[in-house]
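Structural overview
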Amino acid sequence: MSLHLLAVFRRIADDLEMQIQIGLHSGSCAAGVVGSKRPRYCLFGDTVNTASRLASHGKPSRIHMSATTCSLVVDQPDFLTVERGVIELKGKGKERTFWLEGG
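Quick look at the structure, then. Owing to the predicted nature of the structure, the values given are computational and were not obtained by experimental measurement.

Some points on a nonpolar patch on the surface
On the surface, a cluster of nonpolar side chains totalling about 270 Å² of accessible area is made up of Ile-12, Leu-16 and Met-18. The topology assignment puts Ile-12 in helix 1 (residues 2–13).

Right under this line is the structure:
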């Protein structure tokens, strides 16, 4: 899904002064509708926070993912992953991370 989102964004971003950074992490989370006047569907948990930190430490028009997510897709022929290396994530410490290049 993130590969498709990035492809669509790249097509329209040429005319816009916008950038997108995507972070992927896999694990459990809680979800639910919050609010009554303006209800919103929200995700909560360490998995969501880690994905957010990966996005903020990523680069524009790149998909930055954790080793956890990489281990789930590395054997899939539809995905190409490239190791980025070890980075420091706030609240997590040093984490080995990867780029999702496509498929």
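Still to come is the rest of the account.
Focus: helix 1
For helix 1, which comprises 12 residues, the first-to-last C-alpha distance of 16 Å matches the rise-based estimate of 16 Å (1.5 Å per residue) to within 8%. Lining the buried residues of helix 1 we find strand 1 (21–24), strand 4 (62–66) and strand 6 (93–102).

What about unusual backbone geometry?
At Ser-61, a position not held by glycine, the phi torsion is positive, near 60°. Secondary-structure assignment places Ser-61 in the loop between helix 2 (46–56) and strand 4.

Comments concerning the pattern of salt bridges
The final tally for this structure, using the stated rule, is three salt bridges. Notably, a salt bridge pairs Glu-101 with Arg-62, separated by 2.6 Å at the nearest N-O pair. Placement of the pair is Glu-101 in strand 6 and Arg-62 in strand 4, with a sequence separation of 39 residues. The salt bridge partner of Glu-83 is Arg-96, with a shortest N-O separation of 2.9 Å. Here Glu-83 is found in strand 5 (residues 80–89), whereas its partner Arg-96 is found in strand 6, with 13 residues between them in sequence. When its relative accessible area of 43% is taken as the criterion, Glu-83 is described as partly exposed.

Cut-offs used in this document
Residues numbered from 1 in each chain as written. Predicted model: local features only at pLDDT ≥ 70, side-chain atom pairs only at ≥ 80, totals over all residues. Heavy atoms only, no water. Patch = residues over 30% accessible without salt bridge, like charges linked within 9 Å, V, L, I, M, F, W, Y side chains within 5 Å. Areas by Shrake-Rupley, 256 points an atom, 1.4 Å probe, with all protein chains shown as cover. Salt bridge = Lys/Arg side-chain N within 4 Å of Asp/Glu carboxyl O. Helix = DSSP H or I, 4+ residues; strand = E, 2+ residues; numbered from the N terminus. Expected span 1.5 Å × (residues − 1). Contact = heavy atoms within 4.5 Å. Buried < 20%, exposed > 50% of the residue type's maximum accessible area, 1.4 Å probe, protein only.

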